[in-house]
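Commentary on secondary and tertiary structure
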Amino acid sequence: MQQQQMEVNPRGIPKAPFVENVEDHVTVEEPVEIVLKKFQEATAKYKFMEMNHLTRKSNLDAKIPEIRKTLEMVQFLEIEAGDEDDAKEIETMYELNDTLYATAKIKPTGKVCLWLGANVMLEYPVEEAAELLASKLSAALKTLKNTEEDLAYLRDQITTMEVNTARVYNWDVKQRRIARAKAESSDAAGLD
Amino acid sequence: MRMLEKDEEEGDIQVSWQDQENINTFSKYNAKLQDLEEAYEGKKTEKEYLDDLAMELELADEDEPVKYRIGEAFVSLSLEAAQERISKSQEELDQEIEGLKSQMDEAVEKMDGLKKVLYARFGNAINLEKD
């Protein structure tokens, strides 16, 4: 394949070359087998990238509802704590263990503790916690959108490469058939 | 992919860049439609749950606190507050379902249009059906 200026998408994924005319890509130096092999390699690379993106997407799909649930609870506490001294106790049932719940009476204190991962928990005033979670949620949603865009872009490149491969292969089959027909007819002529 | 028949091989299929774009767009809409259908089913099930809940609550005792699930834990709410939350969730879900449905309809429409163009261009040399 000629050395062309590789276009890339915003995340740096190269654009697949499009075979306008099969003869342009198949030369004596680069016979059909080599071209097909290169196309296969490129298709495999794109498919690998697609798999990575799909994994990332499913991770995000799991994380986003988690963030939403936490945010919902924090917002609820924010509303309850808003009454300050008049705040009544909240009676809640929380999950102590799988299928085991325990009752708790909570007096809204205006502070919540957020689990940040890696065995770290930090106390925040309720409003800050709500802000933090909201920004985490919007960051996750943005990454999800980018990942979905990349996936669509990768789909395009894979389809283009597959169409390229099919056309080069068909062209080759046709060439062989023509060559065979010529050989047969010249044989027939030679026998006369 | 399948092997072409002898007579199908004859045509030298020239694929222009426009054709490639059409094929790519079709493929994208196809993948998107599958995702949308999945999400749509999920939201419909959720809506059914909420509708059942709303009905149950209508029959519930006025003074009994309702354990409403927020996040991972349950909170005791008054019947009124719980019903309010449920109707808010129902409204949001309705909107999301509307949005999904219209996106799905758009995708199907575009795909049908592209199918006509691509079949006219390539005839037997292309397969656009869901197998």
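Residues numbered from 1 in each chain as written. Chains lettered and ligands numbered in written order. Predicted model: local features only at pLDDT ≥ 70, side-chain atom pairs only at ≥ 80, totals over all residues. Heavy atoms only, no water.

An unreviewed UniProt entry annotates chain B as Prefoldin subunit 4 originating from Linnemannia gamsii. We quote the UniProt Subunit (unreviewed entry) comment for chain B here in full: "Heterohexamer of two PFD-alpha type and four PFD-beta type subunits." (UniProt positions renumbered as here; feature names shortened; annotations may be inferred.)

If you check an unreviewed UniProt entry, chain A appears there as Prefoldin subunit 3 from Linnemannia gamsii. Heading Function (unreviewed entry) of the UniProt record for chain A holds this comment: "Binds specifically to cytosolic chaperonin (c-CPN) and transfers target proteins to it. Binds to nascent polypeptide chain and promotes folding in an environment in which there are many competing pathways for nonnative proteins."

As a further point, take the packing of helix α3 (residues 126–191) of chain A against helix α2 (residues 17–58) of chain B. Running from amino to carboxyl end, α3 of chain A crosses α2 of chain B at an angle of 130°, the nearest separation of the two axes being 9 Å. Accordingly, the angle class assigned to the pair α3 of chain A and α2 of chain B is oblique. As α3 of chain A packs across α2 of chain B, the resulting crossing turns out to be right-handed. Residues Ala152, Arg155, Asp156, Thr159, Thr160 and Val163 of chain A of α3 of chain A form the contact with α2 of chain B, whose participating residues are Gln20, Ile23, Asn24, Ser27, Lys28 and Ala31 of chain B. Split into classes, the residues belonging to the contact of α3 of chain A with α2 of chain B amount to 4 nonpolar, 5 polar and 3 charged. (Axes fitted to C-alpha atoms, helices over the stretch in contact; angles between N-to-C directions. Helix = DSSP H or I, 4+ residues; strand = E, 2+ residues; numbered from the N terminus. Parallel < 35°, antiparallel > 145°, perpendicular 65-115°, else oblique. Left-handed = near helix turned anticlockwise from the far one by under 90°. Contact = heavy atoms within 4.5 Å. Nonpolar A, V, L, I, M, F, W, Y, C, P; charged D, E, K, R; others polar.)

Attention now moves to the interface of chain B and chain A. Between chain B and chain A, the contact holds 27 residues from the first and 28 residues from the second. For the pairing of chain B and chain A, the buried interface totals around 2500 Å² over both sides, and the portion due to carbon and sulfur atoms is 54%. Linking chain B with chain A are 3 salt bridges. Asp156 of chain A is the salt-bridge partner of Lys28 of chain B, the closest N and O atoms lying 2.9 Å from each other. The interface formed by chain B and chain A includes 6 residue pairs in polar contact (both at pLDDT 80 or more). The residue makeup of the side of chain B that touches chain A, split by class, is 11 nonpolar, 7 polar and 9 charged. For strand β1 (residues 90–97) of chain A and strand β2 (residues 73–77) of chain B, the ladder comprises 2 bridges, and the chain directions are antiparallel. Its bridge partner being in β2 of chain B, Met93 of chain A is matched across the sheet by Phe74 of chain B. (Buried area = accessible area lost by both parts, 1.4 Å probe. Salt bridge = Lys/Arg side-chain N within 4 Å of Asp/Glu carboxyl O. Polar contact = N/O pair within 3.5 Å; in protein donor to acceptor, adjacent residues only side chain to side chain. Pairing = 2+ DSSP bridges.)

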